[in-house]
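Spelled out, the chains give:
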Amino acid sequence: MEESMDDVIAPYVGPQNAMSGCGQTVSLANLLDLILQRTYNQVIVLSEILPRKSDIDRKVDIIEFASRSRNVFIRLLALVKWANSASKVEKCGAIMQFLNQQSNFFVDSADNLARMARESLVNARLPSFALPIAIDVLTTGTYKRMPTCIRDQIIPADPISAEEKQKTLKQLSYIIEQRLVTENLPSYMRQITFDEGTVTFTVNNEFRITLTLLGNSPTIPWKVVKLEMLVEDPNIGACRSLVHPLQVNYLKEVVQSRLIDCQNPFHDLYDTLHSFCQSLQLEVLFSQAQRLTHDRWINYVHIEQYLIGQKLTLVYWCARIKNSQTQTNLQYKLIVHVNENLKAKPLVISHLPELVGSESIMVPTMLNSCNLSIDDMLTHVINVRSIAKLNELSRELCLLLKDPCELTKLPVILRVPIVKDCIGGNHLFIGVEVKTIVKNYKTALIIPQSLDLAKFLLILASKADRTEYFLKIDTITNVDDFSVKHLKNRLSSRKDRKRRAINPEVSMYFDTEFADILSVVQDKLMFTLLSDELRKCDVQHSGPTIDETGINYSLNINKFSSLPNIDKESLAAFHNGFTKCKIFIFQKSLAKWSVELSFDKNFLSDVCIGGSGDTASLHFVYNLNDPVEKTVERLLKEISSLVLLYGPARKLNYAFRQSTILQRSISIDNYNFKKLQIAYGPTRSYIVCFQCKSDGTLQIKFGCKGSSGGPNPHVLAAIHFQKIVNDTVDLVEIVQLLLDTCKMYTLLGKVNSFLHLTAANVKPSILFSSIVQTVNRVHLIYKSIFVLELIAAPKEQGIYVKDATLHHRLSPSFHNIPFLSNFLRRISDDSCQPAQSNDGLFEMMTDDYGMQPMGFNEPEKPSNDGITNLLSYQALNKLLTAGPPAGNNVSIIDCSPLERFLACLDQRIKFKKVLMDKAQLGFLTPLQSQDNMSLLFQNESLTYKVYLEDNHMQFLRFEILSSALDMEENSILTKFYDTKIASPPYNTNAITSFMSLLCAPVQILKDFIQLIKFEFYPESQFPFRIKLLLTFPVADAPLNSPPGVSTFIFWKDRLKCMFMLEFIPEPEDVRNNIQFVLAFVYEVQTRKLNLLPIDLRNKPQNTIRPEIQTIYDQVRGHLERINMMPPTSGNSGLLISYIKDIILNINLTTAF
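The rules behind each value
Residues numbered from 1 in each chain as written. Predicted model: local features only at pLDDT ≥ 70, side-chain atom pairs only at ≥ 80, totals over all residues. Heavy atoms only, no water. UniProt positions renumbered as here; feature names shortened; annotations may be inferred. Pairing = 2+ DSSP bridges. Helix = DSSP H or I, 4+ residues; strand = E, 2+ residues; numbered from the N terminus. Axes fitted to C-alpha atoms, helices over the stretch in contact; angles between N-to-C directions. Core = buried A, V, L, I, M, F, W, Y, C linked by side-chain atoms within 4.5 Å. Buried < 20%, exposed > 50% of the residue type's maximum accessible area, 1.4 Å probe, protein only. Domains from an automatic or database assignment. Contact = heavy atoms within 4.5 Å. Salt bridge = Lys/Arg side-chain N within 4 Å of Asp/Glu carboxyl O. pLDDT = per-residue confidence, 0-100. Polar contact = N/O pair within 3.5 Å; in protein donor to acceptor, adjacent residues only side chain to side chain. Expected span 1.5 Å × (residues − 1). Arc of directions from axis to C-beta. Parallel < 35°, antiparallel > 145°, perpendicular 65-115°, else oblique. Left-handed = near helix turned anticlockwise from the far one by under 90°. Nonpolar A, V, L, I, M, F, W, Y, C, P; charged D, E, K, R; others polar. Phe/Tyr/Trp six-rings, centres within 6.5 Å; stacked < 30°, edge-to-face > 60°. Lys NZ or Arg CZ within 6 Å of the ring centre and 35° of its normal.

The protein chain appears in an unreviewed UniProt entry as Mediator of RNA polymerase II transcription subunit 14 from Dimorphilus gyrociliatus. As its UniProt record puts it under Sequence similarities (unreviewed entry), the protein chain is described as follows: "Belongs to the Mediator complex subunit 14 family." Quoted verbatim from the Subcellular location (unreviewed entry) heading of the UniProt record, the comment on the protein chain is "Nucleus".

Moving on, we come to the sheet that holds strand 19 (residues 667-671). A sheet is described by the order of its strands in space; here four strands give the open sequence 19-20-21-22, paired in antiparallel fashion. A strand with exactly one partner marks an edge of an open sheet, and here the two such strands are strand 19 and strand 22 (698-704). Along the sheet, successive strands turn relative to each other by an average axial angle of 20°, direction set aside. As judged from the seven bridges shared by strand 21 (residues 686-692) and strand 22, these two strands associate in the antiparallel manner.

With that out of the way, let us pick up the nonpolar core. In this structure, Phe1059 and Phe1080 are the most contacted members of the largest nonpolar core, which totals 183 residues. Ranked by the residues each element gives to this core, the list is headed by helix 17 (residues 628-658), at 13 residues. Each of domain 4 (525-591 + 601-728) and domain 5 (924-1145) accounts for three or more of the residues forming this core. Once residues lying within four places of it in the same chain are set aside, the contact partners of Phe1059 are Phe1008, Leu1011, Leu1028, Thr1047, Phe1048, Leu1078, Ala1079, Phe1080, Tyr1082, Leu1089 and Leu1135.

Taken as a whole and judged by the stated rule, the model has 26 salt bridges. Note that Arg208 is salt-bridged to Glu228, the shortest N-O span being 3.5 Å. Linking Arg208 in strand 3 (residues 207-212) with Glu228 in strand 4 (residues 223-229), this pair joins segments that are 20 residues apart in sequence. Its salt-bridge partner being Lys226, residue Glu228 comes within 3.5 Å of it at the nearest N-O pair. Residue class for Lys226 comes out partly exposed when judged on its relative accessible area of 44%. Taken together, the shared-partner salt bridges connect Asp55, Arg58 and Lys59 into one network.

On to the side chain of Thr39. Here Thr39 is to be found in helix 2 (residues 28-49). Beyond its immediate stretch of four places on either side in the chain, Thr39 contacts Phe65, Ser69 and Phe73.

So, about the pairing of strand 20 (residues 675-680). With five of six residues buried, strand 20 lies mostly within the body of the structure. Pairing of strand 19 with strand 20, which is carried by four bridges, proceeds in the antiparallel orientation. Considered in strand 20, the bridge of Tyr671 is made with Leu676. Hairpin connection of strand 19 to strand 20: three residues between the antiparallel strands, including Phe673 at a positive phi of 70°. Counted along the chain from strand 20 to the antiparallel partner strand 21, the turn is five residues long, and its residue Gly681 has a positive phi close to 105°.

Time to look at the confidence of the model for the protein chain. Mean pLDDT over the protein chain: 78, with 80% of residues reaching 70 or higher. Least confident of the elements in the protein chain is helix 22 (residues 838-844), whose mean pLDDT is 34; most confident is strand 3, at 93.

Strand order in this open sheet of four strands is 31-32-33-34, and the pairing throughout is antiparallel. One side of each edge strand has no neighbouring strand; the edge strands of this open sheet are strand 31 (925-927) and strand 34 (956-960). On average, adjacent strands in this sheet sit at an angle of 25° to one another, irrespective of strand direction. In this structure, strand 33 (residues 943-948) lies alongside strand 34, joined through five bridges in antiparallel fashion. Looking at the pairing, Tyr947 lines up with Arg957 of strand 34. Along the sheet, helix 24 (residues 897-920) contacts strand 31, strand 32 (934-938), strand 33 and strand 34; its crossing angle with strand 32, the most-contacted strand, is approximately 30°.

The subject of this paragraph is the environment of Lys1056. Mapped onto the elements, Lys1056 comes out in strand 37 (residues 1056-1065). Here Lys1056 falls in the partly exposed class, since its relative accessible area comes to 25%.

So, on to the environment of His779. Along the chain, His779 turns up in strand 26 (residues 777-782). Along the chain, His779 and Leu790 lie eleven residues apart, while their C-alpha atoms are 6.3 Å from each other. Every residue in contact with His779, bar those within four places of it in the chain, is listed here: Ser769, Ser770, Ile771, Gln773, Val787, Leu788, Glu789, Ala804 and His808. At a separation of 3.5 Å, a polar atom in the side chain of His779 contacts the side chain of Glu789.

On the secondary structure map, Asp375 appears in helix 12 (residues 374-397). Along the sequence, Asp375 and Leu285 sit 90 residues apart, while their C-alpha atoms lie 9.1 Å from each other. Among residues more than four places away in sequence, those in contact with Asp375 are Leu292, Arg296 and Trp297.

Note on helix geometry: an α-helix contains 3.6 residues per turn, so any two residues three or four positions apart are oriented the same way. For helix 7 (residues 162-182), with 21 residues, the first-to-last C-alpha span of 31 Å sits near the 30 Å given by 1.5 Å per residue. For helix 7, the complete set of buried residues consists of Leu169, Leu172, Ser173, Ile175, Ile176, Arg179 and Leu180. Looking straight down helix 7, one finds its buried side chains confined to an arc of 165°; they lie on one side. Opposite its buried face, helix 7 presents the exposed residues Glu163, Lys167, Gln178, Val181 and Thr182, each directed more than 90 degrees away. On its buried side, helix 7 packs onto strand 1 (192-195), strand 2 (198-203), strand 3 and helix 9 (265-293).

This part is about the packing of helix 28 (residues 1106-1124) against helix 29 (residues 1134-1145). For the pair helix 28 and helix 29, interaxial distance at closest approach is 10 Å and the crossing angle is 135°. In terms of their interaxial angle, helix 28 and helix 29 are classed as oblique. In this structure, helix 28 crosses over helix 29, and the sense of that crossing is right-handed. Facing helix 28, whose interface residues are Gln1114, Val1115, His1118, Leu1119 and Ile1122, helix 29 presents Tyr1138, Asp1141, Ile1142 and Asn1145. Tallied by class, the residues present in the contact of helix 28 with helix 29 amount to five nonpolar, three polar and one charged.

This paragraph deals with the packing of aromatic side chains. Using the criterion set out here, one finds 38 aromatic pairs in the structure. When the centroid spacing of 6.0 Å and the interplanar angle of 35° are considered together, the rings of Phe527 and Tyr553 count as tilted. Residue Phe527 is found in helix 15 (residues 512-536), and its partner Tyr553 is found in strand 15 (residues 553-560); the two are separated by 26 residues along the sequence. On the basis of relative accessible area, Phe527 is assigned to the buried category, the value being 1%. Look at Tyr553 and you get buried, because its relative accessible area is 11%. Sitting over the ring of Phe603, Arg650 keeps its end group 5.0 Å from the ring centre. Looking at Lys945, its charged tip hangs above the ring of Tyr947, at a distance of 4.9 Å from the centre.

Structure (structure tokens):
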């Protein structure tokens, strides 16, 4: 029995095809697989059956199997050949189905009209004619009988008056007070204030929270209005908040959740915020402790343990443990922790070892939250422990001394009288080193023969613990008899006898004359050491000499034979300028060396306009207690920096007086040998300062003065100017560089340097960033895609502009800038010209003497594809200044022509990439374009063109070349492109959605064009204005995806598309002003519109507003009812009708 093809595929056929109407369908690949499997199975069966049959039967079975299989494969071959023209058959089937649907529409219409005539219209009656209304309209021209329901829907209700508002708020305050009477409040939240319908609870130094009620029902939960954290760090200052606003908002949400359905809401509120504040206070103390252990208390205090929100343990006096020769486990600890035994669980302070006696009263046990300072706590507890140590020592010394010891608490010092009737100069001062707990002894004694000091010190040392107390002789100085006699004779001849007068209160053991002799000897020793060190450094001086008073020593320097990093010519010029360099001790009580350096005159005093150019002397001060080597080194470095500035300043003085151009361009504000300040710029509002540093170098600083209108533009290149100053100091060349590059850097300040918004999973990039290569060469980078190189020509001739990627080896992520020269010519045809050659460009950049200016680099020779363009500063200003676009382009944001041009090139790259992706999937087909400025592509029935506008080259145009769309649809789609794609801010991610929209069939595209029309031309009866979103919004997105990602997706194989609509209420509907976003999936085959569920993954709890959830439920229920209805014939306009029904059926009243 011969079997047909239908018998083979009958068990595997698919459902009814709704598009073609051609009956049952099956995949060709599956069909071929089934036939092969069935044939193979029959061969296996024959191989098992035939051996048991006769020869004639076997031959008959084999012939039947061969004939049957041959017929099946012949039919399969015919089917494969027929499949090449299957699309025509499908089109015919679609036409037949469409005609059948239209016929069914006519039949249904006739049936409905007949049923209406028999059933509905039998009892239908015309209403009475509105004669009164007609009379009013015809006679008076007005309509006074408008129903009030219409007026209530259109005209909003009158706002309540100020008196009613105050009355309502007062009544709300009464409700809040009544509600608080019934609530169980914590004892720590009794500081309450009422204000305009709100209640504020304040917990000092922790938090302040404001609550209100949304009704008078006792079951309505409290609403959190405002939350403030009062925890402060006194070390930070300026009342800066320690909690980020996002954290505060999260805390508000947590507290709000605790106030709902809770028996004791205020107790939960207090426990939550109090626990957070305690953790924050511990975190503040921990951060302060970290700074102390890395700064002032390094190696003396360390953090032993820190448990977040529970405990902080500090160990101090660590140096004592390290330096101790005896093994001890004693550690001094300060512990701040939570007391779990108390109900409020406050932060308390504990000490190890514990303080006993009167000292324990001096240390608080509770943490003072008014002043969170771990430094103050450590200082206070160490002072208390120091007092305890010194009190113990005082009790031991009282057994040895006749006079009592005196203990001062600020500072903590024990004054020990070692002789009878002891004055302050003969006291032994004993103190405790705060960081190391080592006791220090310091005294200056004139020892009488009646006191055995050695015995006293031995007793003191034997009584003390050797790990804590020690004695050390600092210095012993022997004075020979000749020096003493010489100084004594000189002292006797002084006119000032007051210093030798004996004060009656001075002890009998004090010798005033000996003290004077000792002071002079100390001065002589210090100057002797200083002169020896200067001689080692090859500095010629006069040696220590006594001044005209016969009391004070001084030292005059005659010549600096050599200075580090100073050439002989500059040093000789400096020697010719200075007249005196004198070193003396300035007020020995202040322990300061003073160096006076005098010059012949200030050669710039007559041209300085700052009022301080007449300075001809300098003074330097050094610490007398520092080593002499360090003092001499610092002095030589100071002199070296003066020499570095002195010589170039003299050259600048000569050039300034000789050049009238320089006099018109700059002004010298101030020169005092240590600093030179020059003003430059169009209005002399920019200043450059050359200042001597203590390390022997010069530092250049940039600033502004007066009404400059902005920062100094050369701050951008400050590092490169500093390098020039470090290499060779030529102030004339540096000033010329500043003048030549001032306009360039000023204009670069106009570029847009804000962050460019991209998708959330992509790192944001700066729109324009300027990177200085040299002082006259800058790379201007656009969104890390394009790099422009700007080179300032000398003598303000203009700016050389070129594509940096064609002249330098840059990162592969940067792209070439096509059409750059053409664009620059359109900006200014008169000011833009290509540089003829590299040599000619170099000749333009040389000065009058044939030397290349310092800091200017010769531009590299461009490649065959790159042209170096010379642009005037007027054209550069036009290029970088933000303004409205040329022509009638749609744009509400002003940007510069350069930004618009580069944005078009960036979009063009994005269009190419998306087009290649769509072409690989078979959605779009790229076409060959006649020029390099345009892109051509098509789908099944439409051809599109994207091209760069040739007039200004600042707009990327979109054009539909085929005639499948009418003129209005073409205009709407073009306007949508101009508004969403080709206008700033330029969002390249929206291009992906727009190209996906163009992949849709014509009927679907027309439906979406009608949706877009509602955005630009909303209908008056709609309570909402809808917008078709091309990228995910920042907030209220129904799906869990980063903002900025493409939203429109079209699946060609499944004939489905996903899109998002934003519903914006009309401005008149101020009562129900709510804005929301919904995501839909439209199935073309089944003609069903589904609402995607709201994705709650990776979202905090309770982030969906209740009104949004209500609206979502309404739309979902409405679409479910529509999808359950039998499908109607045709696809055109069906999506529009769905969206209209959704807009008209959303009830905002139930959403609030």
